[in-house]
Number of protein chains: 2
Amino acid sequence: MIAEQYRKMLGQKSVIRTLAEKAAERAALIGKENVFDYSLGNPSVPAPQCFTEAVLSLLQKEEPVALHGYSPTLGIWSVKEAIAASLNERFGMNYGPEHIFPTSAAAASIAHALRAVTAPGDEVLTFAPFFPEYHPYVDLTGAVLKVVPADTKAFQIDFEAFESMIGEKTAAVLINTPNNPSGAVYSADTLTRLARILTEKSKSYGHDIFLISDEPYREIVFDGKKQPYVSGFYANTIACYSFSKALSLPGERIGYLAVNPACPDAALIVNMCGQISRGIGHNCPSSLMQLAVAKVLDQTADFSIYEKNRNLLYDCLTDIGFEVVKPEGTFYIFPKALEEDAVAFCEKALQYDLVLVPADSFACPGYFRMAYCVDTQKVERSLPVLRRFAREMYGRG
Amino acid sequence: MIAEQYRKMLGQKSVIRTLAEKAAERAALIGKENVFDYSLGNPSVPAPQCFTEAVLSLLQKEEPVALHGYSPTLGIWSVKEAIAASLNERFGMNYGPEHIFPTSAAAASIAHALRAVTAPGDEVLTFAPFFPEYHPYVDLTGAVLKVVPADTKAFQIDFEAFESMIGEKTAAVLINTPNNPSGAVYSADTLTRLARILTEKSKSYGHDIFLISDEPYREIVFDGKKQPYVSGFYANTIACYSFSKALSLPGERIGYLAVNPACPDAALIVNMCGQISRGIGHNCPSSLMQLAVAKVLDQTADFSIYEKNRNLLYDCLTDIGFEVVKPEGTFYIFPKALEEDAVAFCEKALQYDLVLVPADSFACPGYFRMAYCVDTQKVERSLPVLRRFAREMYGRG
């Protein structure tokens, strides 16, 4: 009676995890410092001191029964108020606490949003390149994930392809900006055009099409720029946020879902999330974590390290002759491989102890991802190795 | 396109929550200290100091990137090792870390266990009286919850009724001991007989029947007794544990699932839980919480307060003339109401500012639950009020 649905998933091993394991094996042999592991998107800069102080202060000052007590089903009200106020202040929105649902980070936000606005058999559209975990998130709701091919020129949106794929069964569109793996930041133009199409199509199909905005990298934007706030462009938007990257807390599983107050069903959706939680046994994220992040909502970890790494890698890669769009945010860079088969390319790189991820599982074959959330010193030491690899294997640079 | 499945659930308001809201309204009028609120099972004794110290020490001594980093999909290995070692030592078991899956407390443990061993259409049997949240846990997997009527004599198991209900489609049996709401502790005899029936029926139906053991109250047993360890009685047992009650951490959402090593599919089930998590967006519980509880696995909050409250209430209730089985554990007591309709009985009690929960939603009409996780002083002040209520309304005492 073992559930076959999940047993089958065991065979589908993540390419990224497999590579990370290979890197770990190699590190055991030659020392971790000699493996240039660009495989995992695990923040490398510490959580800001203000976060640690917030947790310490809660533990030292608050009464334990109240501090560690049950969170209400829809989240701690004061935390929801603080999140709404911060979003309103920073993005000119009009959220109330009733539009905010604290979650166990972006994965949970997306899982809840999908269950709230789709039914089995519905279609969810996303854009290549995309985070491969979208597949289990969507597949296990019973909806079907359809992937719009990549705009490899700028990693914005290929609107022609999008318009040919959106249809009667489209219940939601799932976007991720700043984007993993391309590092692209959707422009105001892109978001305006996307919103216009969604509005038109909702009208012509006679039902709402929701925009689910996966935005854990919202604050990681370089060159003093900002990510235009997605929910500001389209009423039926569910923002899925996580503090994993912004505060370097990936293991603490803390984030939230914010439904645009302009969405007529906003408060209903948040209430439904409470019901969805009951069934999937999620309930609320840790009370301590909810209370702690609420105290540091406008702070972030130090992203200047990621920007420095981006610059080092971008300059070196373009100098070698890689075709690569300059990332405007995140901690990823997404160059075209030096041969058509990016899997073969990444396997050759492994001989140089360079751990690169082929983008086939991101639905963008021929490209590879480098996660540069690593020490800058290590990035610097990897540059001559990258050059040697490109020269010896492909006669480049 | 709002998912009807969850929208419909919004109408089904929890009786307990509704009562707790009424109690809060009344408290706003007459003062919290004057409302005898026995509605919520929220621990009233603080988390032990050793837990707070464990968290403080982790925050002060560990490097933040490692401390708050991603937990592996199947949980932090050292935490799993510590949990296995503690269970082996205390219950004479033979767990390895590969049999342990950290979860966001009992709700998540049960949700994962159900998804691992049932398929839509399967039947899950539980025993009245039972925690009403089992309904959403089971219903949203697509399986069907069937409730075996209560053994109101001792709140053990009515085996005759059980044997008449178990069938070809039974994939799992879900038990909860020490029991919410009855406070009963299943005896070794009960567990032996249950295991024998499950073994026989598994053989005659030609498929495994899993025992899912919901055991958040495992350590809250009075009079120096112990809960016989359920997994020790039956190979195909999945223990669903939570630190919510044992360490008074209900808001921190931390627990685990432990699959009996004697279950042939034990390691497979843990691996599948990792896949189930991907789809429901649960991932792992907070890394900080995993690491903290691992340091205090054999500690608990001070339960002597619950035992004192149990004694006060049991003596008073029996003296008044209530029919009530003496609870051996938890922080609940479960008397028979003084009229057939327990809802009407509890409504009358509300006039005395006594907040009691009718057990209709626990599938045991005619009974009511009192959660005595409240200050002992308040319990003492409530006793004359209970007496006055029984005398004035029912001529008792």
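Residues numbered from 1 in each chain as written. Chains lettered and ligands numbered in written order. Predicted model: local features only at pLDDT ≥ 70, side-chain atom pairs only at ≥ 80, totals over all residues. Heavy atoms only, no water.

Some points on the packing of helix α13 (residues 342-350) of chain A against helix α14 (residues 376-394) of chain A
All names here are of chain A. Look at α13 against α14: their axes get within 10 Å of each other, and the N-to-C directions meet at 115°. When you trace α13 past α14, the crossing you get is right-handed. Of α14, the residues touching α13 (which contributes Phe345, Lys348 and Ala349) are Phe389, Met393 and Tyr394. For the contact of α13 with α14, the per-class residue count stands at five nonpolar, no polar and one charged. (Axes fitted to C-alpha atoms, helices over the stretch in contact; angles between N-to-C directions. Helix = DSSP H or I, 4+ residues; strand = E, 2+ residues; numbered from the N terminus. Left-handed = near helix turned anticlockwise from the far one by under 90°. Contact = heavy atoms within 4.5 Å. Nonpolar A, V, L, I, M, F, W, Y, C, P; charged D, E, K, R; others polar.)

Some details on unusual backbone geometry
Residue and element names in this part refer to chain A. For the peptide bond that leads from Ala128 to Pro129, omega is -10°, which places it in the cis range. Looking at the secondary structure, you find Pro129 in the loop between β3 (123-127) and α7 (134-139). Located in the positive-phi region is Ala105, a residue other than glycine, with phi close to 75°. Note on placement: Ala105 falls in helix α6 (residues 105-117). At Arg253, a residue that is not glycine, the phi angle is positive and equals roughly 50°.

Some thoughts on the environment of Asp139(B)
All names here are of chain B. Among the secondary structure elements, Asp139 is positioned in helix α7 (residues 134-139). A residue is classified by how much of its surface remains accessible, and Asp139, at 40% relative accessible area, is partly exposed. Separated by 238 residues in the primary sequence, Asp139 and Gln377 place their C-alpha atoms 40 Å from one another. (Buried < 20%, exposed > 50% of the residue type's maximum accessible area, 1.4 Å probe, protein only.)

Digging into the interface of chain B and chain A
It is common to report an interface's size as the accessible area lost on association of the parts. The interface of chain B with chain A comprises 75 residues on the first partner and 75 residues on the second. Each partner contributes to the roughly 5900 Å² buried at the junction of chain B and chain A, and carbon and sulfur atoms together form 61% of this total. Inspection of the chain B/chain A interface yields two salt bridges. Across the salt bridge formed by Arg278(A) and Glu133(B), the nearest N and O atoms sit 2.8 Å from each other. Elements with a contribution of two residues or more to the side of chain B that touches chain A: α1 (4-9), α3 (49-61), α4 (64-67), α6 (105-117), α7, β5 (170-176), α10 (266-280) and α11 (287-294) of chain B. When residues in the side of chain B that touches chain A are grouped by element, the largest group, nine residues, is from α10(B). Class assignment of the residues belonging to the side of chain B that touches chain A gives a composition of 40 nonpolar, 24 polar and 11 charged. (Buried area = accessible area lost by both parts, 1.4 Å probe. Salt bridge = Lys/Arg side-chain N within 4 Å of Asp/Glu carboxyl O.)

A short note on the confidence of the model for chain A
Per-residue confidence for chain A averages 95 on the pLDDT scale, and 99% of its residues sit at or above 70. Scored as a whole, the predicted complex attains pTM 0.95, and scored at its interfaces, ipTM 0.94. (pLDDT = per-residue confidence, 0-100.)

Quick notes on the nonpolar core
Counting residues in hydrophobic clusters, the biggest one holds 70 residues, and the most contacted among them are Val117(A), Ile238(A), Ile269(A), Val117(B), Ile238(B) and Ile269(B). Membership of the second largest hydrophobic core comes to 64 residues, among which are Leu58(A), Tyr229(A), Ile76(B) and Met93(B). (Core = buried A, V, L, I, M, F, W, Y, C linked by side-chain atoms within 4.5 Å.)

Quick look at the sheet that holds β3(A)
All names here are of chain A. Taken in spatial order, the seven strands make up an open sheet running β2-β8-β7-β6-β5-β3-β4, and their pairing is mixed. Each having just a single partner strand, β2 (100-103) and β4 (144-148) make up the two edges of the open sheet. Here the strands of the sheet are splayed against their neighbours by 20° on average, with no regard to which way each runs. Examined bridge by bridge, strand β6 (residues 210-214) and strand β7 (residues 237-242) share four bridges and lie parallel to one another. (Pairing = 2+ DSSP bridges.)

A word on the pattern of salt bridges
Applying the stated rule across the entire model yields 26 salt bridges over all chains. Between Lys225(A) and Glu328(A) there is a salt bridge, with the nearest N and O atoms lying 3.6 Å from each other. Of this pair, Lys225(A) sits in the loop between β6 and β7 while Glu328(A) sits in the loop between α12 (304-320) and β9 (332-333); the two residues are 103 residues apart in sequence, bridging distant segments of the chain. On the basis of relative accessibility, which here comes to 47%, the residue Lys225(A) falls in the partly exposed class. As a salt-bridge pair, Arg90(B) and Asp298(B) come within 3.8 Å of each other at their nearest N and O atoms. Residue Arg90(B) is located in helix α5 (residues 77-91), and its partner Asp298(B) is located in the loop between α11 and α12 (304-320); the two are separated by 208 residues in the primary sequence. Among the residues examined, Arg90(B) registers a relative accessible area of 31% and is labelled partly exposed. One connected set of salt bridges, linked through shared partners, spans Arg90(A), Glu215(A), Arg218(A), Glu219(A) and Asp298(A).

Quick notes on the pairing of β7(A)
On any regular strand, side chains alternate: one points to one face of the sheet, the next to the other face. Residue and element names in this part refer to chain A. Of all the six residues making up β7, six are buried; the element is thus mostly covered by neighbouring parts of the structure. On β7, burial covers both faces: Thr237, Ala239 and Tyr241 on one face and Ile238, Cys240 and Ser242 on the other are all buried. Direction of pairing for β7 relative to strand β8 (residues 255-259): antiparallel, over a ladder of five bridges. Across the sheet, Cys240 pairs through a bridge with Leu257, a residue of β8.

Let's talk about the sheet that holds β9(A)
Residue and element names in this part refer to chain A. Spatially, β9-β12-β11 is the arrangement adopted by the three strands of the open sheet, whose pairing is antiparallel. If you trace the sheet from one side to the other, it starts and ends with β9 and β11 (357-358), each paired once. Of the pairings in the sheet, the one linking β11 to strand β12 (residues 368-371) comprises two bridges and is antiparallel in character. When the bridges of β12 are listed, Pro358 appears paired with Phe368.

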